[in-house]
Amino acid sequence: MLADMGFLKKADHITEVECSGTAMACLKTVTPHEGKLYINCDCEEGVGLIEITKAHVDRSEVDLKFILDWMAQELNLSGGVTPVQNGESWFLGKRKGNESSAHFYFLRSDSHDQVTKFNDHVHKENPIILWLGQPPHTGIFPKNIISLGDALDARREVLFLNRKLLSKVPRNAQHALGGKAIILDQNIAMQIVGDVPYLLFEREGNVFLRQKRIRPQAFEIIRFLHAMQRKKENAFKLGDFVERGFVGEKRTASSRIREINDFCAEMDTKPIFHKFPGDKWGLNPNLDE
């Protein structure tokens, strides 16, 4: 039934078959002859040539791409199933909810470490990660990581989706702007919460949906450049940041700039820093407050 539904596909034929009726384990190579299949079993005296059926050598394997496409269709996901990295993970699509959306992924792994690291590196809102493992018996484990075995229900050789489990779209975390927040772009802001500086991304009204902790040195450089943005001199060399006490060395300033722009790339948004002629750095002129 699973093969008829497309969940299984033909794999390479088995080339060796175990001799039946012998006391010892004995594998022999399958040999075709005049449209039939045989093995020559010489493991025990008097066995000889044995005819085998095609069912002995036919083999099927799970068609993972078909299952992922089927799941995306059943869940009414938009975006299409696409590989994320090295054929080990896939983006299944996006589903809109009443208050927020969810992004579905599949990771071909049963490793707790791999799935939690993958979850940490997904920068889309409300990721739901399907994987091949099971949650650990002890400790804290992200609730948005769901075992594929729990998501699928096999009954009478037919697969069904556990819709109740997959229908819950979690609500976005929301990060409100404080009174001293700095707006850098329509979808980027920066503020300090307690003593910790953050960049905020994905604005919805007066709140942001994602935040990223940054180093204090990066925060001070961005705050300085934001204050200088409307002035005639609004771009500076790395040494200028050292002279103003933001960092101790030019290479540190370069590292902080690269880190921030890497964060922006991960969040799929505009880079904050821009390099101007003369090896000078300032805020990206394409940022739109």
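Just so it is clear, the structure is predicted and the values come from calculations on it, not from any experiment.

I tried to follow the overall build of the protein on my own but got confused; where do I start?
A tally of regular secondary structure across the protein gives nine helices and 21 strands. Expressed as a percentage of its 289 residues, the buried residues of the protein come to 40%. Within the protein, contacts between residues at least 6 apart in sequence are counted, and of these 43% link residues at least 24 apart. Accessible area for the protein stands at about 17600 Å²; split by element, carbon and sulfur atoms hold 48% of it.

Could you clarify how one ought to interpret the pattern of salt bridges in this entry?
Charged atoms that come close allow side chains of opposite charge to pair. Taken as a whole, this structure holds nine salt bridges when the rule is applied. A salt bridge links E249 to R251; the shortest N-O distance between them is 2.8 Å. What makes E249 partly exposed here is its relative accessible area of 38%. Under the relative-accessibility criterion, R251 is labelled exposed at 63%. Taken together, the shared-partner salt bridges in this structure form one network comprising R215, R256 and E259.

Explanation requested: the packing of aromatic side chains in the structure shown.
Any two aromatic rings considered together are summarised by their centre-to-centre distance and by the angle between their planes. Applying the stated criterion to the full structure yields six aromatic pairs. Each ring, one from W90 and one from F106, has its centre 5.9 Å from the other, and the planes form 35°; the classification is tilted. Separated by 16 residues along the polypeptide, W90 in strand β9 (residues 89–96) and F106 in strand β10 (residues 101–107) bring together distant segments of the chain. You'll find W90 and F106 in the same group, each marked buried. Where F224 meets F246, the ring centres are 5.3 Å apart and the plane angle is 45°; that geometry is what we call tilted. Taken together, the residues F224 in helix α7 (residues 216–228) and F246 in the loop between α8 (238–243) and α9 (250–266) connect sequence positions 22 residues apart. The class for F224 is buried, based on a relative accessible area of 14%. Pairwise contacts between aromatic rings join F224, F236, F241 and F246 into one cluster.

Even after reading the chapter, I still don't get the environment of F236, so can you show me in this structure?
With respect to the helices and strands, the residue F236 is situated in the loop between α7 and α8. Classification of F236 as buried rests on a relative accessible area of 1%. The contacts of F236, once residues within four sequence positions are left out, are F224, L225, M228, F241, R244, D279, K280 and W281.

Got a minute to help me understand the sheet that holds strand β12 (residues 145–147) in this structure?
Within a sheet, neighbouring strands are paired by backbone hydrogen bonds and run either parallel or antiparallel to one another. Pairing is mixed across the open sheet formed by five strands, whose spatial order is β8-β9-β10-β11-β12. Looking at the sheet topology across the chains shown, the edges are occupied by β8 (82–85) and β12. Each strand of the sheet is rotated relative to its neighbour by a mean of 30°, with strand direction disregarded. Taken together, the seven bridges between β9 and β10 define a ladder with antiparallel strand orientation. Bridging from a neighbouring strand, W90 pairs with F106 of β10. Those strands touched by helix α3 (residues 64–74) are β9, β10 and β11 (127–131), and its axis lies near 10° from that of β9. Contacts between helix α4 (residues 112–121) and the sheet are confined to β8, β9, β10, β11 and β12, with β11 contributing the most and set at about 160° to the helix.

Got a minute to help me understand the side chain of T252 in this structure?
Among the secondary structure elements, T252 is positioned in helix α9. The exposure class assigned to T252 is buried, which follows from its relative accessible area of 17%. Not counting the four nearest positions on each side in its chain, T252 is found in contact with Q217 and V247.

Help me understand unusual backbone geometry, please; the structure alone is not making it clear to me.
Glycine aside, the phi torsion of most residues is negative, and most peptide linkages are trans. For D268, which is not glycine, the phi dihedral falls at a positive 60°. Note on placement: D268 falls in the loop between α9 and β20 (273–276). Overall, the relative accessible area of 64% leaves D268 in the exposed class. A positive phi is found at D279, a non-glycine position, where the angle reads about 55°.

Before we go on, may I ask you to explain the sheet that holds strand β15 (residues 175–176) in this structure?
Pairing is antiparallel in the open sheet, where five strands are placed in the order β15-β19-β18-β17-β16. The open sheet has two edge strands with one neighbour each: β15 and β16 (182–185).

Help me understand α4, please; the structure alone is not making it clear to me.
For the α-helix, the turn length of 3.6 residues means that residues three or four positions removed from each other point alike. Inspection of α4 places V115, F118 and N119 among the buried residues, and these make up the whole buried set. Buried residues along α4 cover an arc of 100° about the axis, so they all sit on one side. Facing away from the buried side of α4 by over 90 degrees, the exposed positions are D113, K117, D120 and H121. In this fold, the buried residues of α4 make contact with β8, β9, β10, β11 and β12. Where α4 starts, the residue carrying a side-chain oxygen 3.4 Å from the main-chain nitrogen of D113 turns out to be S111.

Conventions we followed
- Residues numbered from 1 in each chain as written.
- Predicted model: local features only at pLDDT ≥ 70, side-chain atom pairs only at ≥ 80, totals over all residues.
- Heavy atoms only, no water.
- Helix = DSSP H or I, 4+ residues; strand = E, 2+ residues; numbered from the N terminus.
- Buried < 20%, exposed > 50% of the residue type's maximum accessible area, 1.4 Å probe, protein only.
- Contact = heavy atoms within 4.5 Å.
- Areas by Shrake-Rupley, 256 points an atom, 1.4 Å probe, with all protein chains shown as cover.
- Salt bridge = Lys/Arg side-chain N within 4 Å of Asp/Glu carboxyl O.
- Phe/Tyr/Trp six-rings, centres within 6.5 Å; stacked < 30°, edge-to-face > 60°.
- Pairing = 2+ DSSP bridges.
- Axes fitted to C-alpha atoms, helices over the stretch in contact; angles between N-to-C directions.
- Arc of directions from axis to C-beta.
- Polar contact = N/O pair within 3.5 Å; in protein donor to acceptor, adjacent residues only side chain to side chain.

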